Each structure stands twice: as structure tokens, then as C-alpha cells.
Amino acid sequence: MKDMGPTYKGRVGVICEDCEVLKFFEPGDLEKTYPAEEGISSIYIMAEKLFGCPRVRNQWYDRCHIHNHFSPAEWARRMGYIDPKDLNAAPTGRMIGELAEWEQMKATCKRCKHSRWLDRWALQRRYGKGLALSDLGARLKCRCGMRGAEIEIGYMSR
């Protein structure tokens, strides 16, 4: 069975969404209690022996849909979702040249809270690819006369 690390509070979760069954095991207990047979993983053996699932041996239709269960945060990480807090926080070591094609920069004045999207290509030509985003914020000047801004990273719309 692939990717069987502790997934939820140090335990391994197994879920069948069709049968609405969720069970947690300590790491390694699943393989010890329900050893895999030839061609069938230990999760399916557990479903057959513990829950009496008749669909385990069916490989083509109406089969057992039991699989590993992950915490919501782990599921989001595995699916590639990014926490909105992480999106808005500009890392201090990130450079203008490291931004992906679909990322935009937004500057917000620290005094008057005026904000606008920045032309990253013009800023890259002016300051170079090696300028850190934290240093860029200190160089920007708002229309109110205040120097310094908070830089946020966002995605361009499709």
C-alpha cells in the first residue's frame, strides 16, 4: 500500500464513503492485523473481514471504495490547495524574478491603505530580477507621499 504515513493525529485513517465507515489505526497495526494477500492490499482485507464488505473482490463495477483517510489540512495539501494566509504573505527571501507567470503583485500603503496592482515586468526591468519583494515594498512611494508598502502575491484571473 503506498503512502501510509501517520495522517491524522499520528494515526492512520481508513474510510469507505459508500458504506460511511471510518476507522483509525496506529501506524503499522493495519498491516499486522490484516496482512495483504496476493493482489489485494491490507485495506481491502480489513474491509472484507472487519466490515463484511461483499464488494471487495469485485474489480469491475460496484466495487469497494475504501481508501486512506486524511485530515482536512493534509487532504488540501495533497490536492495542491494553498492556504489563503500563505498566498498573501510575501516571503522575505523571494525575488521578483522568481514569480510565476500567473502571479501578480499588489502594493498597499501602510498609512492610507491605498492599494493597486503593480506591473511586475516594468519593476523587473527597473530594479532587476534579484530584488527581494521585502526590499521592493520599501522602495515604493504612495500618492499620499508615504514611502513603503506591503506587498501581496495573488493570481491572475483566467
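The sections below set out a description of the structure shown in this document. Computed from a predicted model, the values in this text were never measured in an experiment. (Residues numbered from 1 in each chain as written. Predicted model: local features only at pLDDT ≥ 70, side-chain atom pairs only at ≥ 80, totals over all residues. Heavy atoms only, no water.)

**Some details on the overall build of the protein chain**
Our working rule: Runs of H or I in DSSP of at least four residues are treated as helices and runs of E of at least two as strands, each being numbered from the N terminus. Working definition: with a 1.4 Å probe on protein chains only, accessible area under 20% of the residue-type maximum means buried, over 50% means exposed, and in between means partly exposed. Contacts are assigned to residue pairs with any non-hydrogen atoms lying within 4.5 Å of each other. Only the protein chains shown count as cover for residues, and all accessible areas are computed by the Shrake-Rupley method using a 1.4 Å probe.
A tally of helices and strands in the protein chain yields six helices and six strands. Each helix and strand of the protein chain, ordered N terminal to C terminal, gives the series β-β-α-α-β-α-α-β-β-α-α-β. Among the 158 residues that make up the protein chain, the fraction classed as buried is 31%. Within the protein chain, contacts between residues separated by at least 24 positions form 53% of all contacts whose residues are at least 6 apart in sequence. For the protein chain, the exposed area adds up to about 10800 Å²; of that, 50% sits on carbon and sulfur atoms.

**Comments concerning helix α5 (residues 120–127)**
The cut-off we apply is this: Throughout, the arc means the angular range of directions from the helix axis out to the C-beta atoms.
Of the residues making up α5, those classed as buried are R120, L123 and Q124. One side of α5 carries all its buried residues, which in axial view fall inside an arc of 100 degrees. Of the exposed residues in α5, those oriented more than 90 degrees away from the buried face are R125 and R126. Residues of α5 that are buried sit in contact with β4 (103–109), β5 (115–118) and α6 (133–139).

**Concerning unusual backbone geometry**
Residues other than glycine seldom take positive phi values, yet K113 does so here, at roughly 65 degrees. By secondary structure assignment, the location of K113 is in the loop between β4 and β5.

**Looking at the nonpolar core**
The line we're drawing: Buried Ala, Val, Leu, Ile, Met, Phe, Trp, Tyr and Cys residues that are joined via side-chain atoms within 4.5 Å together make up what is termed a nonpolar core.
Counting 14 residues, the largest nonpolar core has V14, L30, M46 and I66 as the members making the most contacts within it. Where this core is concerned, the elements lending two or more residues are β1 (12–16) and α2 (42–49). With four residues, α2 is the largest single contributor of residues to this core. Look past the residues within four positions of V14 in its chain and what remains in contact with it is V21, L22, K23, F25, L30, I43, M46, I66, H67 and H69. Within the second largest apolar cluster, 13 residues are counted, among which are A107, L123, L131 and I151.

**Describing the environment of Y81**
Assignment of secondary structure puts Y81 in the loop between α3 (72–79) and α4 (84–88). Classification of Y81 by relative accessible area gives exposed; the value is 53%. Every residue in contact with Y81, bar those within four places of it in the chain, is listed here: W75 and A76.

**Thoughts on the sheet that holds strand β2 (residues 21–25)**
Filter applied, for reference: For two strands to pair, DSSP has to find at least two bridges joining them. All axes here are fitted lines through C-alpha atoms, helices being fitted over the stretch that makes contact, and every angle between N-to-C directions spans 0 to 180 degrees.
An order of β2-β1-β3 is seen for the three strands of this open sheet, with the pairing classed as antiparallel. Two strands bound the open sheet, and with one partner strand each, they are β2 and β3 (66–69). Going from strand to strand, the sheet's axes swing by 25 degrees on average, the running direction of each strand aside. Docked against the sheet, α2 engages β1, β2 and β3, running at close to 115 degrees with respect to β3.

**Here we look at the pairing of β1**
Burial runs high along β1: five of the five residues are buried. The alternating pattern of β1 places V12, V14 and C16 on one face and G13 and I15 on the opposite face, and all of these are buried. Pairing between β1 and β2: five bridges, direction antiparallel. Residue pairing for β2: C16 is matched across the bridge by V21. Judged from the four bridges that link them, β1 and β3 form a sheet pairing that is antiparallel.

None of the figures reported here should be taken as evidence of function without further support.
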